[in-house]
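So you can see what is in the structure, the chains are spelled out below.
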Amino acid sequence: MQVQVRGRNMEVTPALKDYVEKRLGKLERFLENLNEAQVTMTVEKDSHRVEVTLPLNGMILRGEETTGDMYSSIDLVVDKLEKQIDRYKGRLTRRGGRGAGETAAAALAAGEENGPRVVRTKRFAFKPMTVDEAVLQMNLLGHSFFVFSNAETEQVNVVYKRRDGNFGLIEPNF
């Protein structure tokens, strides 16, 4: 597996890089087609955050953990990813092994100089998927909404988690 490790506000030491590669290599036992991983380590004051993104058959598994120690954050994020992989494999088994598309989420915010502003932009390739596959991807990412290209209508849709525990679907009306 190819692991890309980046550091923000810190220098990634060879020991840290080796530790990340060793811990993420453990995930290859669960999935044979795990080819790459992107890891971002950030230090802000006393918090050490690790974000890991694993592209997998058109799906994206993502984990993020923050603790007071970088090694603990790495351990916790790998544990979180193991649980996501178990859920991913279980759902694929129940669905008969059908795949799903890539995530398509964008963070939008608007405001004045003193108000909220756009602080992060994400760009993803749209891959057509069904509503069920979009809900699966949203849950795997741990998000409360998910933007996707609906394979049935060929339009951009949004699925979201409702407060009552169910899901909603937003479709454009032209």
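Everything below is about the structure printed above this text.
The following paragraphs examine the structure supplied in this document. (Residues numbered from 1 in each chain as written. Predicted model: local features only at pLDDT ≥ 70, side-chain atom pairs only at ≥ 80, totals over all residues. Heavy atoms only, no water.)

### A few points about the environment of T40
Following the sequence through the fold, T40 ends up in strand β2 (residues 36-44). In this structure, T40 is in contact with R6, R8, R49, V50 and E51, ignoring residues within four places of it in sequence. (Helix = DSSP H or I, 4+ residues; strand = E, 2+ residues; numbered from the N terminus. Contact = heavy atoms within 4.5 Å.)

### Some points on helix α3 (residues 131-141)
Counting buried residues along α3, 9 of its 11 residues qualify, which places the element largely inside the surrounding structure. Among the residues trailing α3, G142 stands out with phi positive, at a value near 80°. (Buried < 20%, exposed > 50% of the residue type's maximum accessible area, 1.4 Å probe, protein only.)

### Considerations on the nonpolar core
Counting 27 residues, the largest nonpolar core has L24, V39 and M41 as the members making the most contacts within it. Elements with a minimum of two residues in this core: β1 (2-8), α1 (14-25), β2, β3 (47-56), β4 (59-67), α2 (70-95) and α3. At 7 residues, the largest contribution of residues to this core is made by α2. Contacts of V39, omitting those with residues within four sequence positions, involve V3, Q4, V5, R6, V20, L24, V50, E51 and V52. (Core = buried A, V, L, I, M, F, W, Y, C linked by side-chain atoms within 4.5 Å.)

### Quick word on unusual backbone geometry
Glycine aside, residues mostly have negative phi angles, and peptide bonds mostly take the trans form. Of note, N9 is a non-glycine position whose phi angle comes to about 60°, a positive value. With respect to the helices, strands and loops of the structure, N9 is situated in the loop between β1 and α1. You will see that E154, though not glycine, has its phi angle at about 60°, which is positive. For E154, a relative accessible area of 70% translates into the label exposed.

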